[in-house]
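Residues per chain are reported as follows:
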Amino acid sequence: GEHLAAFRTQDGQAYVVDAYCPHLGADLAAGGRVVGGCIECPFHGWRFRGEDGKCTSIPYAEKVPDFARVRTWPSCEVNGMLLVWYHCEGVGPTWAVPEQREITTKEWVFRGQTEHFVDAHIQEIPENAADTAHLAFLHGPAILGGSDLRYTRSKLWDFMKHIWKAEWRPEPEPDEHCSRLLVQHTATIFGKHLSLMDLTVSARQVGPGLVFLIFEHAFLGHGIILQTVTPLEPLLQNVVHKIYYQKNVPAIIPKFILRAECIQFERDITIWNNKQYLPKPLLVREDSSIQKHRRWYAQFYSEKSTRLPARKEGLDW
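Nothing here was measured: the structure is a model prediction, and the numbers come from that model.

What counts as what
Residues numbered from 1 in each chain as written. Predicted model: local features only at pLDDT ≥ 70, side-chain atom pairs only at ≥ 80, totals over all residues. Heavy atoms only, no water. Helix = DSSP H or I, 4+ residues; strand = E, 2+ residues; numbered from the N terminus. Buried < 20%, exposed > 50% of the residue type's maximum accessible area, 1.4 Å probe, protein only. Contact = heavy atoms within 4.5 Å. Areas by Shrake-Rupley, 256 points an atom, 1.4 Å probe, with all protein chains shown as cover. Lys, Arg positive; Asp, Glu negative; His and termini not counted. Charge placed at Lys NZ, Arg CZ, Asp CG, Glu CD. UniProt positions renumbered as here; feature names shortened; annotations may be inferred. Salt bridge = Lys/Arg side-chain N within 4 Å of Asp/Glu carboxyl O. Pairing = 2+ DSSP bridges. Phe/Tyr/Trp six-rings, centres within 6.5 Å; stacked < 30°, edge-to-face > 60°. Lys NZ or Arg CZ within 6 Å of the ring centre and 35° of its normal.

Engineer: Now, about the overall build of the protein chain: what can you tell me, with residues and values included?
Structural biologist: In terms of helices and strands, the protein chain carries five helices and 17 strands. In terms of overall dimensions, the protein chain has a C-alpha envelope of 80 × 50 × 40 Å along the principal axes. Buried residues in the protein chain amount to 42% of all 317 residues. Excluding contacts between residues fewer than 6 apart, the proportion of contacts in the protein chain whose partners are at least 24 apart in sequence is 50%. For the protein chain, the exposed area adds up to about 17800 Å²; of that, 55% sits on carbon and sulfur atoms. If you average the places of the 35 positive and of the 37 negative side-chain charges in the protein chain, the two averages end up 3 Å apart.

Okay, structure coming up:
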């Protein structure tokens with residue numbers, strides 16, 4: 001729900017500030033330009049420093065008032081992304097986003113991305129990691145069956161099955177804001193194990209909206225999918241998957257992995273877009289990690305976290 005302007009100063013540093021000029025409300029991101037270390041408003045030419053948001057120049061005024069400034073947002077550039085820290089009570093960053101060495105050193109190169117919009121509460125998406133039972137049922141049918149849930153269980157594709165073994169756990173201090181999901185994927189064709197499809201995936205969730213999915217394949221190499229979940233509105237999430245892969249592996253391999261991941265993710269989206277959030281779900285013993293995940297995720301809320309309208313519990317806004 002916030003409108004922001006992101007810009008890179010002439011010395012290469014990226015900054016994020018409130019989009020609207022405090023003078024008369026023009027959008028700095030629509031027609032504004034970078035001048036040195038400042039962004040210049042397209043309406044009257046006021047210039048705001050990226051570092052602290054202070055106004056440094058008003059072309060027609062003798063003196064710049066000390067209080068003339070635009071709000072700046074804590075941000076960092078890491079793994080080819082510009083990430084912004086948001087806290088509803090204005091608390092500064094309490095943890096840093098880890099750098100993926102292979103992306104920084106360009107051992108792994110960008111091989112494509114997908115983008116989806118999900119009509120759900122932000123918590124629904126990571127909760128999937130702890131719901132290991134849905135893997136076999138929703139993601140077991142072959143990707144050849146596509147993402148339309150009316151046809152994924154069609155007899156036509158019954159000869160192929162995906163088999164998943166998964167375990168979710170939170171990380172200890174000082175990384176209590178992180179959790180890990182370890183997944184072993186195998187596939188069968190006509191009941192016979194297809195070793196070509198053996199894949200180990202280590203998914204590390206960092207905070208509420210960032211996931212590092214590292215792929216390891218015996219002879220197709222290593223790579224990563226970076227998943228970002230950005231809340232646009234209370235019940236609208238923008239989810240982007242970017243894949244980086246060993247540059248000596250033909251691009252068709254990571255593109256196939258991203259496509260397969262996309263089909264499986266779209267099966268989840270059909271569920272999310274239509275489900276109801278249950279604050280007190282009817283769980284069996286095998287679902288215990290779902291409650292553990294909810295306790296872990298609760299750390300990302302604070303007293304003033306937005307609730308529309310005010311409710312005692314639940315995410316069903």
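Engineer: Residue-level account of the UniProt feature "domain: Rieske" (unreviewed entry) in the protein chain, with values.
Structural biologist: Taken from the UniProt record, the annotation "domain: Rieske" (unreviewed entry) applies to residues 1-84. Regarding residues 1-84, the helix share stands at 0% and the strand share at 38%, and the terminal C-alpha atoms are separated by 14 Å.

Engineer: Talk me through the pattern of salt bridges; I want residue IDs and the actual numbers.
Structural biologist: Per the stated rule, a full pass over the model turns up 13 salt bridges. In this structure, the salt-bridge partner of E40 is R33, at a minimum N-O distance of 2.8 Å. Overall, the relative accessible area of 14% leaves E40 in the buried class. Of the charged contacts, one joins R47 and E40 as a salt bridge, the two residues approaching to 2.9 Å between their closest N and O atoms. Residues participating in the shared-partner salt-bridge network are E171, D175, R180 and R204.

Engineer: With reference to specific residues and values, describe the sheet that holds strand β1 (residues 4-8).
Structural biologist: Spatial ordering of the open sheet is given by β1-β2-β7, a layout of three strands whose pairing is antiparallel. Where the open sheet ends on each side, the last strands, each with one partner, are β1 and β7 (72-73). For β1 and strand β2 (residues 14-18), the ladder comprises five bridges, and the chain directions are antiparallel. In the strand pairing of β2, L4 is matched with D18.

Engineer: Describe the packing of aromatic side chains, naming the residues involved and giving the relevant values.
Structural biologist: Taken as a whole and assessed by the stated rule, the structure comprises 13 aromatic pairs. A ring pair is formed by W73 and Y86, whose centres lie 6.0 Å apart and whose planes are at 15°; its orientation type is stacked. With a gap of 13 residues between them, W73 in strand β7 and Y86 in the loop between β9 (81-84) and α1 (101-104) connect regions that are remote in the sequence. Taken together, the aromatic side chains of W168, W296, Y297, F300 and Y301 make up a single cluster linked through ring pairs. It is R71 that lies over the ring of W73; its NZ or CZ is 3.9 Å from the centre.

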